Amino acid sequence: MSQLERSIIADPSLAPEGHLKIDWASAHMPVLNKIKEQFQKEQPFKGLKVTICLHLEAKTAYLAKVVQAGGADVTITGSNPLSTQDDVCAALVEDGITVFAKYNPTPEEFKALNIKALESKPDLIIDDGGDLVTLLHTECRELGVNLRGGAEETTTGIIRLKALQKEGSLSFPMVAVNDAYCKYLFDNRYGTGQSVFDGINRTTNLVVAGKTVVVVGYGWCGKGVAMRAKGLGATVIVTEIDAIKAVEAYMDGFAVMPMQEAAKHGDMFVTVTGNRDVIRGEHYKVMKDGAILSNAGHFDVEVNKVELEALSTSKRTVRRNIEEFKMEDGRNIYLLAEGRLVNLAAGDGHPAEIMDTTFALQALSLKYVNDQFQSIGSQVVNVPYDLDEQVARLKLESLGLGIDKLSPEQIAYLDSWTDH
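Predicted model, so just to flag it, every value in this text is computed and none were measured.

Draft legend 1. Structural detail: the packing of helix 2 (residues 15–27) against helix 4 (residues 58–69). Two elements in contact, helix 2 and helix 4, have axes separated by 8 Å at closest approach and are oriented at 75°. It follows that helix 2 is roughly perpendicular to helix 4 by the angle criterion. For the pair formed by helix 2 and helix 4, the contact residues are Lys21, Ile22, Ala25 and Ser26 on the first element and Ala58, Lys59, Ala61, Tyr62 and Lys65 on the second. Class assignment for the residues of the contact of helix 2 with helix 4 results in five nonpolar, one polar and three charged.

Take a look at the structure:
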């Protein structure tokens, strides 16, 4: 059976455009290129099956090819119905990777594609949002018979993993890539900040300067969104449930208030909490005419779409990825990308240079869990600091930058409590 016959994709003829996208991404991912060279020599995944569930676009495709270069038989599926790029899928099939993904499947098709990706009975997984892990702990337990462990990409997935671990149900080790310093400092902050407004701006074709942007949640993603909104000339309001983060947002120069009050002032809203219903019925009732709602959390539950539709008298699509909801009093509220990840469903996701470090962490974490799965046991573990630092050093090297080293005398001074 050919690779195409094994796969489920939308259109094989789109492969040439997909190859161009992957080539462009790989040319701007020097850290991952270094790791690819290492993997080609060492073959850490030789004879192993790896299933990947991530936003299936060019940068993810290159990660899959790096894992493949390490000797793995790679299967890949999408982690969001609207972020899969059909041309990239077609290119990966030509490159010998099995793909179960297509743009905008129904919810039933989306789940079925995820399950198909697990039917290879993988030895290792890379997950995003915990979709594969959830299937492997519910209706697809038998497909995890060979599983050694895996790596998780995002906050939402780690929340689900830790809930599984807390109740004693986690069946295999998972590395929390999202909690690595290089992930939340750079990907979550700089990547999310830029890509959210890339998605919003290309979708709405509206200016950000002069508007009031409400950022719901001030974790690392929220910090990045608030910083970029301010840089684009917006007035920024932050809403939070954590008192420490709220004070931090205030000290960073942003207004802080409850969502019920912020809803009255916002022109644009961006949710980045990982929780559900953070914008809901009572908030819609006080929003301005023309308010624009978007989400940058993993699942489409942060903006309550059921209550928005229930309060509206009509709904229509006014531009691609923009739905207009008309309220009884004549106000219009706009929802971007069906409340899904606006930076991927309505854009190309994080910049290649950002995903270079994140996917380097993914690749090295996958090798780590494969090497250490027996000693780790069934728990969620952090990325080892030496791997995190290795990625940062490779990044500095790619930028032509150097840093200082401690002298033996400085090391001795720091290790001593008597010679100060």
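Draft legend 2. Looking closely at the domain arrangement of the chain. We note that the domain assignment places domain 1 (3–185 + 350–399) and domain 2 (191–346) within the chain. If you average the C-alpha positions of domain 1 and of domain 2, the two centres end up 29 Å apart. Taken together, the 19 residues of domain 1 in the interface contact 16 residues of domain 2. Between domain 1 and domain 2 lies a buried interface of about 1500 Å² when both sides are counted; carbon and sulfur atoms form 62% of it. The three residues of domain 1 that bury the most area against domain 2 are Leu82, Thr156 and His350, which together make up 34% of that side's buried surface. The interface formed by domain 1 and domain 2 includes zero salt bridges. One can count four residue pairs in polar contact (both at pLDDT 80 or more) joining domain 1 with domain 2. When residues of the side of domain 1 that touches domain 2 are traced back to their parent elements, those giving at least two are helix 8 (155–166) and helix 9 (181–204). Taken together, the residues of the side of domain 1 that touches domain 2 break down into seven nonpolar, eight polar and four charged.

Draft legend 3. Examining the sheet that holds strand 3 (residues 98–100) more closely. Pairing is parallel in the open sheet, where seven strands are placed in the order 3-2-1-4-5-6-15. With one partner strand each, in any of the chains shown, strand 3 and strand 15 (380–382) form the two edges of the open sheet. Across this sheet, the average inter-strand angle for adjacent strands is 20°, counted without regard to direction. When strand 1 (residues 49–54) meets strand 2 (residues 73–78), the two strands line up parallel, connected through six bridges. Opposite Val50, over in strand 2, you have Val74 as the bridge partner.

Draft legend 4. Looking closely at the sheet that holds strand 8 (residues 235–239). With respect to topology, eight strands assemble into an open sheet ordered 9-8-7-10-11-14-13-12, the strand pairing being mixed. Each end of this open sheet is capped by a strand with a single partner; those strands are strand 9 (255–256) and strand 12 (312–319). Strand direction decides the pairing type here: strand 11 (residues 291–295) and strand 14 (residues 332–336), joined by three bridges, are parallel. Looking at strand 14, one finds that Leu293 is bridged to Leu335. Those strands touched by helix 10 (residues 220–231) are strand 7 (212–216), strand 8 and strand 10 (268–271), and its axis lies near 175° from that of strand 7.

Draft legend 5. A look at the environment of Thr239. Mapped onto the fold, Thr239 is located in strand 8. Note on Thr239: relative accessible area 5%, which makes it buried.

Draft legend 6. Fine view of the pattern of salt bridges. Per the stated rule, a full pass over the model turns up 26 salt bridges. A salt bridge links Glu397 to Lys34, with the nearest nitrogen and oxygen atoms 3.7 Å apart. Pair noted here: Glu397 is in helix 17 (residues 385–399) and Lys34 is in helix 3 (residues 30–42), with a separation of 363 residues, a long-range link. The class for Glu397 is partly exposed, based on a relative accessible area of 48%.

Draft legend 7. Quick peek at helix 6 (residues 107–118). In a regular helix each residue adds 1.5 Å, so twelve residues correspond to 16 Å; helix 6 covers 17 Å between its end C-alpha atoms and thus fits that length. Lining the buried residues of helix 6 we find strand 1, strand 2, strand 3 and helix 7 (131–136).

Draft legend 8. Representation of unusual backbone geometry in the model. Phi is positive for Gln43, close to 50°, though the residue is something other than glycine. Positionally, Gln43 belongs in the loop between helix 3 and strand 1. Residues other than glycine seldom take positive phi values, yet Asp277 does so here, at roughly 60°. Positionally, Asp277 belongs in the loop between strand 10 and helix 13 (281–284).

Draft legend 9. Main features of the UniProt feature "domain: S-adenosyl-L-homocysteine hydrolase NAD binding" (unreviewed entry) in the chain. Those residues carrying the UniProt feature "domain: S-adenosyl-L-homocysteine hydrolase NAD binding" (unreviewed entry) are residues 188–349 in this numbering. Secondary structure over residues 188–349 splits into 37% helix and 25% strand, and the C-alpha atoms at its two ends are 12 Å apart.

What counts and how
Residues numbered from 1 in each chain as written. Predicted model: local features only at pLDDT ≥ 70, side-chain atom pairs only at ≥ 80, totals over all residues. Heavy atoms only, no water. Axes fitted to C-alpha atoms, helices over the stretch in contact; angles between N-to-C directions. Helix = DSSP H or I, 4+ residues; strand = E, 2+ residues; numbered from the N terminus. Parallel < 35°, antiparallel > 145°, perpendicular 65-115°, else oblique. Contact = heavy atoms within 4.5 Å. Nonpolar A, V, L, I, M, F, W, Y, C, P; charged D, E, K, R; others polar. Domains from an automatic or database assignment. Buried area = accessible area lost by both parts, 1.4 Å probe. Salt bridge = Lys/Arg side-chain N within 4 Å of Asp/Glu carboxyl O. Polar contact = N/O pair within 3.5 Å; in protein donor to acceptor, adjacent residues only side chain to side chain. Pairing = 2+ DSSP bridges. Buried < 20%, exposed > 50% of the residue type's maximum accessible area, 1.4 Å probe, protein only. Expected span 1.5 Å × (residues − 1). UniProt positions renumbered as here; feature names shortened; annotations may be inferred.

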